[in-house]
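# Coordinate inspection notes
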Amino acid sequence: MDRISVTQKNIPPHLGCKNLSVWFPEQVDATLQNVTLSIAKGEKVLFLGPSGCGKSTLLSVLSGLIPKHIDADVKGTVYGAEQCGVMFQDPDTQFCMLRVDEEIAFSLENRAIPRQRMDDLIHEVKETVGLDIPGHTMIQSLSGGMKQRLALACLLALEPDALFFDEPTAQLDPAGQQEVFQCLHDYSVKSDKTFIFIEHRLDGLIEWMDKVFLFDASGSLVAAGNPKDILTTYESAIDKAGIWKPQLFPATWNDVVAQEHHPISLRLTQAVHHCAHNAPSTPGPTPLFEVTDLELGYGDSPIMREISFTIEQGEWVTIIGKNGSGKSTLLKALARLTKGKAEHLTFMGKELNRWSEKQLYERLGFVFQNPEWQFVTQTVYDEIAFAGKLRDWPAAKLKKTTERLLKTFHLEQVANQHPFTLSQGQKRRLSVATMLLLDQQALLLDEPTFGQDARTTAELMKKLKERKQRGTAIIMVTHDMNSVSYYAERVLLLAGGHLQFNGRPHDLFSNTHLCAQYDIIPPLGYPLIQARKTRADNQEEQGGNRAHDSHEFSFSTH
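Residues numbered from 1 in each chain as written. Predicted model: local features only at pLDDT ≥ 70, side-chain atom pairs only at ≥ 80, totals over all residues. Heavy atoms only, no water.

## Considerations on the sheet that holds strand S13 (residues 316–320)
One open sheet accounts for six strands, arranged S16-S17-S18-S13-S19-S20; its pairing is mixed. Here the strands that pair on one side only, and so sit at the sheet edges, are strand S16 (364–367) and strand S20 (498–503). The mean inter-strand angle of the sheet, taken between neighbouring strand axes irrespective of direction, is 15°. Relative to strand S19 (residues 490–495), S13 runs parallel, the two being bridged by four bridges. Residue pairing across strands places Ile319 opposite Leu492, the latter belonging to S19. (Pairing = 2+ DSSP bridges. Helix = DSSP H or I, 4+ residues; strand = E, 2+ residues; numbered from the N terminus. Axes fitted to C-alpha atoms, helices over the stretch in contact; angles between N-to-C directions.)

## With respect to a nonpolar patch on the surface
Residues Val376, Phe386 and Leu390 make up a contiguous nonpolar surface patch of about 290 Å² in total accessible area. For Leu390, the position within the fold is in helix H13 (residues 380–390). Given the relative accessible area of 55%, Leu390 is considered exposed. (Patch = residues over 30% accessible without salt bridge, like charges linked within 9 Å, V, L, I, M, F, W, Y side chains within 5 Å. Areas by Shrake-Rupley, 256 points an atom, 1.4 Å probe, with all protein chains shown as cover. Salt bridge = Lys/Arg side-chain N within 4 Å of Asp/Glu carboxyl O. Buried < 20%, exposed > 50% of the residue type's maximum accessible area, 1.4 Å probe, protein only.)

## Some points on the pattern of salt bridges
Taken as a whole and judged by the stated rule, the model has 20 salt bridges. Salt-bridge contacts for Arg115 lead to Asp119; the nearest nitrogen and oxygen are separated by 3.3 Å. Here the residue Arg115 and the residue Asp119 both occupy positions in helix H4 (residues 115–129), the gap between them amounting to four residues, near one helical turn. Residue classification places Arg115 among the exposed positions, given a relative accessible area of 52%.

## A closer look at the sheet that holds strand S7 (residues 162–166)
Pairing is mixed in the open sheet, where six strands are placed in the order S6-S7-S8-S4-S9-S10. Where the open sheet ends on each side, the last strands, each with one partner, are strand S6 (84–87) and strand S10 (221–225). Ignoring which end each strand starts from, the neighbouring axes of this sheet average 15° apart. Where helix H6 (residues 174–189) meets the sheet, its contacts fall on strand S4 (44–48), S7 and strand S8 (194–198), and the angle it forms with S8 comes to roughly 155°. (Contact = heavy atoms within 4.5 Å.)

## Observations regarding the packing of aromatic side chains
Per the stated rule, a full pass over the model turns up 16 aromatic pairs. Between Phe375 and Phe420, the aromatic rings sit 6.2 Å apart at their centres with planes inclined by 65°, giving edge-to-face as the arrangement. Taken as a pair, Phe375 in the loop between S16 and H13 and Phe420 in the loop between helix H14 (395–408) and helix H15 (424–435) lie far apart in primary sequence, 45 residues in all. Residue classification places Phe375 among the buried positions, given a relative accessible area of 9%. On the basis of an interplanar angle of 75° and a centroid distance of 5.0 Å, the ring pair of Tyr486 and Tyr487 is categorised as edge-to-face. The exposure class of Tyr486 is partly exposed, given its relative accessible area of 40%. On the basis of relative accessibility, which here comes to 19%, the residue Tyr487 falls in the buried class. Directly above the aromatic system of Trp393 lies the positively charged group of Lys397, at a separation of 4.1 Å from the ring centroid. The positively charged end of Lys427 is found above the aromatic ring belonging to Phe420, 6.0 Å away from the centroid. (Phe/Tyr/Trp six-rings, centres within 6.5 Å; stacked < 30°, edge-to-face > 60°. Lys NZ or Arg CZ within 6 Å of the ring centre and 35° of its normal.)

This is the structure in structure tokens:
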């Protein structure tokens, strides 16, 4: 197989490839199949496709990471920019210093910038990305959104010709996502840099893209064009591939607010109606979890105090809050993976610290935010089958159950690969599949859907719902407010070191004051109802027909 041929001359196309195919070690089928595309200087483009289709591989090739830093066999021709900058999902993996200005200075040092010029340049890039914080600020103290701003500042300090973004908002809360997209858009308006994005959550991004490249599951390029044409012409192919679509685009907010029977309006209002009628579980004689005055922190620094709640058998509870609010820490405390102080912390009526490890983890499963923390075997198949082997399951039962989960999570083709060689989306699916082999009383999941396409997310949530109906409690940390609205019976909101809300999702999302206070961005149906109310009130003041407009949103009081 020919090694990659790289053209670095600044001639059209500014970025691109011709007949590009990529194979990773021990891989039979190519991750990318004969891809040919071109990107003009200054274009803002989006790679769109289902999880595992090779988008990140293409980004790594165009940015020069493959094959220079990542081993792969590559056939074809690549046209690369002279200077590239890459921002990944997790900014912490890119930082190597302790303080903000030190991190930016590190980029300048790589360009051999004289020390006397650094302070002005650091101030300039911080101002560009809206990073208005003291230079001595510890990086670990920043929110997720601010960390991504810092990562962008470090990239800009390198003065790259092209900027690559591999799901830069995947681990951010909705407010942080909007913050990063707005920052990037503002910079793109005044910059001639080329932007290449991979992103599942499209609202706030696709509206300012110049071009979309659409890929299928096999890694082949299906189409390229402006966002509106791609979304309308290839709508059925996008739906079939399970690719997330924007909630509004190419429609506008004004269209949806003004037109009661607009398809998007109907879908959004139906979702609110579903959430309003999602009945909570009936409390049993003994709560599954009972937590009283829990205090959690790191060392002698508590991050949460006076946390009290109960979780019933078979209940679906989501834990939400901004990045750094303690959601993952609380979830780990329920699984006894981190210790805290509590007046009472019981599981199935027994103090949590009195359970033996074997007995406890027979009854609850835990899915980490980082899938790799869970992997202990050499193949995907063995990873799923591991728990059954420990329990001496009959070979036929183990094989049947493992193969069913491989099929459910679309992992059949990688069953013999090492878990660490999978894409991020595949790793996440595998981590969840390993916890569904057994029938536990509780499943605790930390962001189980991030980085997943729409089809895989729907299938995963369907499986969790089936488990719930069989009596398993689902306790899930998530930033996806649509999932909270549609599936959860109860939501726990963490902010400022305390439990600020414990109740039905509909009651939280309907409380505009509470949502604003804690930067909760509710599902789009809720602001739609509010916008309709405001519009109706304005029409009444102007002598409009109040009776007709009140019919539009009367369901919100159900």
